[in-house]
Amino acid sequence: MQAPKALRHWLFKSEPSVYGWQHFEAERRTFWTGVRNYQARNLLRDEVKIGDGVLFYHSNANPTAIVGLARVIAGGSPDPTQFDRKSPYYDEGSSATEPRWYGVEIEAIAPIAPPLTRDALKLAGALAGMMLLQRGSRLSVQPVTAAHWTWICRLAGVADRF
DNA sequence: GCCAACGTTGGC
DNA sequence: GCCAACGTTGGC
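Residues numbered from 1 in each chain as written. Chains lettered and ligands numbered in written order. Predicted model: local features only at pLDDT ≥ 70, side-chain atom pairs only at ≥ 80, totals over all residues. Heavy atoms only, no water.

**Overview of the packing of aromatic side chains**
Logical step 1: For the coordinates displayed, the defined rule picks out nine aromatic pairs.
Logical step 2: Between F24 and F56, the ring centres sit 5.3 Å apart and the planes meet at 10 degrees, which makes this aromatic pair stacked. With a gap of 32 residues between them, F24 in helix α2 (residues 21-27) and F56 in strand β3 (residues 53-58) connect regions that are remote in the sequence. Each of the two residues, F24 as well as F56, counts as buried.
Logical step 3: On the numbers, 5.3 Å between centres and 85 degrees between planes, the contact of W149 with F162 is edge-to-face. Of this pair, W149 sits in helix α5 (residues 146-156) while F162 sits in the segment after α5, and the two are 13 residues apart along the sequence.
Logical step 4: On the basis of relative accessibility, which here comes to 17%, the residue F162 falls in the buried class.
Logical step 5: The positively charged end of R154 is found above the aromatic ring belonging to W151, 5.3 Å away from the centroid. (Phe/Tyr/Trp six-rings, centres within 6.5 Å; stacked < 30°, edge-to-face > 60°. Helix = DSSP H or I, 4+ residues; strand = E, 2+ residues; numbered from the N terminus. Buried < 20%, exposed > 50% of the residue type's maximum accessible area, 1.4 Å probe, protein only. Lys NZ or Arg CZ within 6 Å of the ring centre and 35° of its normal.)

**Quick notes on the pattern of salt bridges**
Logical step 1: Counting across every chain of the model gives eight salt bridges.
Logical step 2: Salt-bridge contacts for R8 lead to E47; the nearest nitrogen and oxygen are separated by 2.6 Å. Of the two residues, R8 is situated in the segment before β1 (9-14) and E47 in helix α3 (residues 38-47); the sequence distance between them amounts to 39 residues.
Logical step 3: In this structure E47 comes out as partly exposed when scored by relative accessible area, which is 24%.
Logical step 4: Put simply, D119 and K122 hold a salt bridge, and the shortest N to O gap is 3.8 Å. In this pair, D119 and K122 both sit in helix α4 (residues 118-123), three residues apart, roughly one turn of the helix.
Logical step 5: Classification of K122 by relative accessible area gives exposed; the value is 51%.
Logical step 6: A cluster of three or more residues bridged by salt bridges with shared partners is formed by R28, R29, R71 and E107. (Salt bridge = Lys/Arg side-chain N within 4 Å of Asp/Glu carboxyl O.)

Here you go:
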């Protein structure tokens, strides 16, 4: 019998002008749609599992920051927006039998207030290796190591629930 | 708004 | 399979 995989940790980027933490918190849960990058798709489809922790990050924002914690409540399934002709995420090259794009469902756990700004993250030497902080890093779904996760929870003053 | 870095596309 | 052109991301 196979041991269950340890819970893992992720960082999801979102532009607050498109879908911000306030919106997410009001809905409490959401299906994460619109990821159109194969590397991120592979993570959503194959690696992001129920119970995993998610850092919700505001990109293209002022300030850019980690603004909340979330939890994965359903693993990868096809992103319905790829089939919706009216959606900006519509992909005519995708089909129901061979969907190209995936998403997961997440639930809001706790806000991080005040937000943990990118500047604050950069000041924490222990976080220097975070993928988020690497030059040119733009993957919108990123793995976060357990050590980085723990540091971030401490910096944010939130309980490490994962 | 600028632009560096990255991903994708398509000609060859 | 190479690589130039183009489009996108996202920090600043």
